[in-house]
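# Descriptive analysis of the structure
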Amino acid sequence: RRLIHGYYAATSYTDAQIGKLLDSLNSAGLTDNTVVVLWGDHGWHLGDHGMWCKHTNYEQAARIPLIVVSPECAAGQKSKSLVETVDLYPTLCDLANLHIPNGLDGTSFAAVLKSPELKTRESVIHVYPRGGRLGRAIRTNRYRMVEWKKPGAATESAEYERYDYQTDPLETANLAATHPETMTQLKAILAEHP
């Protein structure tokens, strides 16, 4: 209870500091020509999955807060578009009308800020090791699949987890052994990443 209280207190304190910063921006008359981006480190397990840590391939640890405010975009909109932190740089270039360099891993999501129903990506990737194995996770709007294997080992040696956010938003049931066609699709997406 004390740990959760402290976590929420830190979040509340951070919120208050951000409010001061935005108030100063507004007082200086810069709100109408400034892009503001707030993003943070990945989440923290507060007892969910029996864990008190932040280093996992579960949604709670892999998802980050991301808020972008731009004078060109309506305020208060939400989007379910999947984005990665590598998408921030090209997005800022796009919003500032700067040339987006070739060869970036990221993709601008500026269009999503203007039309939240659009998609930037069909999936995102998250990688984290555990017990000498590498967990490579693919997240789509509906599923997360994690492939666990030793680096360099054959794909046949891998073990898998699959979660369906439509039926199990808290990732309590590993469905990797069911619906092989879904696993085949998710494995194909993962195979596109080095």
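Our subject is the structure that appears above.
Residues numbered from 1 in each chain as written. Predicted model: local features only at pLDDT ≥ 70, side-chain atom pairs only at ≥ 80, totals over all residues. Heavy atoms only, no water.

Looking at the secondary structure, you find alanine 111 in helix H4 (residues 110-114). Given the relative accessible area of 44%, alanine 111 is considered partly exposed. Counting along the chain gives 68 residues from alanine 111 to histidine 179, while the straight-line C-alpha distance between them is 34 Å. (Helix = DSSP H or I, 4+ residues; strand = E, 2+ residues; numbered from the N terminus. Buried < 20%, exposed > 50% of the residue type's maximum accessible area, 1.4 Å probe, protein only.)

On to the side chain of arginine 136. Within the fold, arginine 136 resides in strand S4 (residues 133-139). One polar contact links the side chain of arginine 136 to the main-chain carbonyl oxygen of histidine 193, over a distance of 3.0 Å. Leave out the neighbours within four places in its chain, and arginine 136 touches His126, Val127, Met145, Val146, Glu147, Leu190, His193 and Pro194. (Polar contact = N/O pair within 3.5 Å; in protein donor to acceptor, adjacent residues only side chain to side chain. Contact = heavy atoms within 4.5 Å.)

Positionally, glycine 132 belongs in the loop between strand S3 (124-130) and S4. Sequence separation between glycine 132 and lysine 150 is 18 residues; the distance between their C-alpha atoms is 6.4 Å. In contact with glycine 132, other than residues within four places in its own chain, are Lys150 and Pro151.

With that settled, the discussion passes to the pattern of salt bridges. Under the criterion given, the structure shown has 12 salt bridges. For aspartate 164, the salt bridge goes to arginine 142, with nearest N and O atoms at 2.8 Å. Placement of aspartate 164 in strand S6 (residues 159-164) and of arginine 142 in the loop between S4 and strand S5 (143-149) is noted, with a sequence separation of 22 residues between them. Here arginine 142 falls in the partly exposed class, since its relative accessible area comes to 31%. A salt bridge links glutamate 171 to arginine 144, with the nearest nitrogen and oxygen atoms 3.2 Å apart. In this pair, glutamate 171 is assigned in the loop between S6 and helix H5 (180-191) and arginine 144 in strand S5, connecting sequence segments 27 residues apart. Take arginine 144: its relative accessible area is 2%, and that puts it in the buried class. Here the salt bridges share partners, and the residues they tie into one network are Glu59, Arg63, Arg139, Arg144 and Glu171. (Salt bridge = Lys/Arg side-chain N within 4 Å of Asp/Glu carboxyl O.)

Quick look at the side chain of threonine 56 now. For threonine 56, the position within the fold is in the loop between strand S1 (36-39) and helix H2 (59-62). Residue classification places threonine 56 among the buried positions, given a relative accessible area of 9%. A distance of 3.1 Å separates a polar atom in the side chain of threonine 56 from the backbone nitrogen of tyrosine 58. In this structure threonine 56 touches His45, Met51, Ala61, His126 and Tyr128, once residues within four positions along its chain are discounted.

Our next topic: the packing of aromatic side chains. Counted under the stated rule, the structure contains two aromatic pairs. The interplanar angle of 55 degrees and the centroid separation of 6.0 Å between the aromatic rings of tyrosine 58 and tyrosine 163 together place this pair among those described as tilted. Remark: tyrosine 163 occurs in strand S6 and tyrosine 58 occurs in the loop between S1 and H2; sequence separation between them is 105 residues. With respect to burial, tyrosine 58 and tyrosine 163 carry one shared label: buried. The ring of tryptophan 148 carries the charged tip of arginine 130 above its face, separated from the ring centre by 4.1 Å. Just above the ring of tyrosine 165 sits the side chain of arginine 139; from NZ or CZ to the centre is 3.8 Å. (Phe/Tyr/Trp six-rings, centres within 6.5 Å; stacked < 30°, edge-to-face > 60°. Lys NZ or Arg CZ within 6 Å of the ring centre and 35° of its normal.)

For the rest of this paragraph, the subject is the state of the cysteines. On inspection of all chains with the given rule, the structure shows zero disulfides. Cysteine 73 forms no disulfide, and the closest cysteine sulfur to it belongs to cysteine 93, at a distance of 15 Å. Overall, cysteine 73 belongs to the buried group, its relative accessible area being 15%. (Disulfide = S-S within 2.5 Å.)

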